[in-house]
Amino acid sequence: MIPRYQRILFLALMTLSVLMAGYLWRVHQRTIARLNSISSAATPIEAPGGATIQTEAVTFLLADDAAGTITPSDRQIALPNEPTIRLRAILERLFSDYGQTDSRHPLKFDGSAIADVFFLPLPLTPPKPPESGYKNTEEKTTPSPTAFTDMAARNGYMAVINLRQSFADAHPSGIEVETLTVLSILGTVHANFPQVSRIRFLVDGKTRPTLAGHFSLDRVYPSTDTTLQSTKEIP
Amino acid sequence: MPWIRAFFLLLGIPTEECSGVFIAENAHRCGSPTLHRQKKCSKPASFAAAAVAALLLPAARAQTPAPQQPVILLDAAHGGPDTGARLTEKLPEREVTIAFANRLQSLLIVRGFKVVLTHTTPDDAANLTGDGRVELANRSGAMACITLHASGNAAGVHLFTSALPETEPALQGAKPVPWNEAQAPWVTRSLRLASELQAAISRSHTPVTSSRTWLAALDSLACPAVAIELGPLDDATAQDPAYQQRVAEAIAGALLFWRGHPNAVTGTGAVR
């Protein structure tokens, strides 16, 4: 025979369990409804502070493997003001386009292609000290603060593009495909940074003889318009 | 008697001391300076003697040293541990370039060229450095240096010349030439050679492009130099002998034409 107090306790616990199950079911239904309302919202989340993003026209020189050409193409993208970050953003966008499956110059690589980008004023040799009239040796060896700027205005800058080794290792091998990649970079830098007169490549901070077994990557290249018209003769 | 003398001469038997002069005199009238002996003992030439001279002079010409054969240098890119690009999963670039070089070599030899190969099998190139190839090419005195490549990334044939700025040899004077800029005085000739090759390959119903690039193997060559990248037209032609033969015949034909071209001068023999 079950004691009375045990029967009362059992019924009380049973009632409590049913009530809790009902409450949990209610909460579950509310949560699903709230998540559905968020995912189906068509309006994008706006940037905080109501800042407006300024886009500007950037010229990319895009390679086409099938035609063997490099053609300019203008895009509107948002860019930072600082020159090195700006150049890096442009090149990242260029390689992002080449990373697409429907690209006309497809390049497959993981992560970022660019490790670093920086500018050097030309010429790379230090300026000659003044001939005479200075007694202080410090004055002889230290150029004026604007010396580099003045020289760069006359001779331009060298852009050093430090590629990631993972990008170079994964690059397709062949004279044509390697040439198109480098000419595309050179032309894009020339189109957007007219003050750059020379371009040099490093791979993970070191010189590398070739990009992927063919194109010499250890030279200093002139920054020129590398637009390449098709010379293909199809019989 | 001139008739008797002519008969013996026809048989190749000298009749007297001055028989050679007899031929020389008549040959001289025909404008051939092959034999020149000064002793005057012949009588006036007759028609028969002239005929004999005409028969014998080609033989005499044949005994003179033959002109030097024009040299073509073929460098099958990669080799040894360097397999180069992959045309298919199991077909490395070095296999295609060496097969193509050997095929082109045969076609050039039958056209009267002397062919210098940097290596003949992929394993021969195991100890061959890039500079070693260039040094071999610059020593060969070739009238054309052809570097052969292959790639699966672009269809058809792609011709490349050095992107170095063109410099006139006359302006260069005695200035030392950097090793990786030896091609600069030859760029104009290389562009002409590429133009001839492009025209010939196009006539063979093969898509062909021509452009300029920075390639260490080209920039150090002191001869008219072109890099040829052979791309398959489709998966079937990656290793197709008929496709390679068609392109090789076009190249051989263009080089035969280049042989008579005013820009077909040999290299200077630059050595590192």
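The preceding data block contains the structure.
Residues numbered from 1 in each chain as written. Chains lettered and ligands numbered in written order. Predicted model: local features only at pLDDT ≥ 70, side-chain atom pairs only at ≥ 80, totals over all residues. Heavy atoms only, no water.

Peer 1: Just to check I follow, could you spell out the interface of chain A and chain B for this structure?
Peer 2: Often, the extent of an interface is quoted as the loss of accessible area upon association of its parts. With 21 residues of chain A in contact, the opposing surface of chain B contributes 30 residues. Taking both sides of the interface into account, the surface hidden between chain A and chain B amounts to around 2,100 Å²; carbon and sulfur atoms contribute 57%. For the pair chain A and chain B, the interface holds 1 salt bridge. Between the two partners, chain A and chain B, sit 12 residue pairs in polar contact (both at pLDDT 80 or more). Of all the elements, helix H6 (residues 175–192) of chain A adds the most residues to the side of chain A that touches chain B, at 6 residues. Looking at side-chain class alone, the side of chain A that touches chain B contains 9 nonpolar, 7 polar and 5 charged residues. (Contact = heavy atoms within 4.5 Å. Buried area = accessible area lost by both parts, 1.4 Å probe. Salt bridge = Lys/Arg side-chain N within 4 Å of Asp/Glu carboxyl O. Polar contact = N/O pair within 3.5 Å; in protein donor to acceptor, adjacent residues only side chain to side chain. Helix = DSSP H or I, 4+ residues; strand = E, 2+ residues; numbered from the N terminus. Nonpolar A, V, L, I, M, F, W, Y, C, P; charged D, E, K, R; others polar.)

Peer 1: In this structure, what is going on with the packing of aromatic side chains? I would like to understand it.
Peer 2: The relation between two aromatic rings is expressed through the spacing of the ring centres and the mutual angle of the planes. Per the counting criterion, the structure on display carries 9 aromatic pairs over all chains. Aromatic pair phenylalanine 119 of chain A and phenylalanine 193 of chain A: ring centres 5.7 Å apart, planes at 40°, arrangement tilted. Note that phenylalanine 119 of chain A is positioned in strand S3 (residues 114–121) and phenylalanine 193 of chain A in the loop between H6 and strand S5 (196–203), a separation of 74 residues in sequence. Members of the aromatic cluster, each reached through a chain of ring pairs, are Phe201, Phe215 and Tyr221 of chain A together with Trp214 of chain B. The ring of tryptophan 186 of chain B carries arginine 189 of chain B above its face, with NZ or CZ at 5.0 Å from the centroid. It is arginine 259 of chain B that lies over the ring of phenylalanine 113 of chain B; its NZ or CZ is 5.2 Å from the centre. (Phe/Tyr/Trp six-rings, centres within 6.5 Å; stacked < 30°, edge-to-face > 60°. Lys NZ or Arg CZ within 6 Å of the ring centre and 35° of its normal.)

Peer 1: Which parts of the structure should I look at to understand the pattern of salt bridges?
Peer 2: In a structure, side chains of opposite charge can pair up when their charged atoms sit close to one another. For the structure shown, the criterion picks out 11 salt bridges over all chains. Put simply, arginine 86 of chain A and glutamate 56 of chain A hold a salt bridge, and the shortest N to O gap is 2.5 Å. In this pair, arginine 86 of chain A sits in helix H2 (residues 83–98) while glutamate 56 of chain A sits in strand S1 (residues 55–64), placing the two residues 30 residues apart along the sequence. Notably, a salt bridge pairs arginine 212 of chain B with glutamate 166 of chain B, separated by 3.8 Å at the nearest N-O pair. One end of the pair, arginine 212 of chain B, is in strand S7 (residues 208–213); the other, glutamate 166 of chain B, is in the loop between strand S6 (156–162) and helix H6 (169–172), with 46 residues separating them in the sequence. Exposure remark for arginine 212 of chain B: the relative accessible area of 30% places this residue in the partly exposed category. Judged by relative accessible area, glutamate 166 of chain B falls into the partly exposed class, the value being 43%. By sharing partners, the salt bridges in this structure join Arg75, Arg93 and Asp97 of chain A into a single network. (Buried < 20%, exposed > 50% of the residue type's maximum accessible area, 1.4 Å probe, protein only.)

Peer 1: What is the right way to look at the state of the cysteines in this model?
Peer 2: By definition, a disulfide links two cysteine residues through a covalent bond between their sulfur atoms. Residue and element names in this part refer to chain B. The full count for this structure, using the stated rule, is 1 disulfide over all chains. There is a disulfide in this structure between cysteine 145 and cysteine 223, and the S-S distance comes to 2.0 Å. Measuring handedness by torsion sign, the sulfur bridge of cysteine 145 and cysteine 223 sits at about -125° and is left-handed. Highlighted residues: cysteine 145 in strand S5 (residues 144–150) and cysteine 223 in the loop between helix H8 (216–219) and strand S8 (225–231), separated in sequence by 78 residues. The two residues cysteine 145 and cysteine 223 agree in class, both being buried. (Disulfide = S-S within 2.5 Å.)

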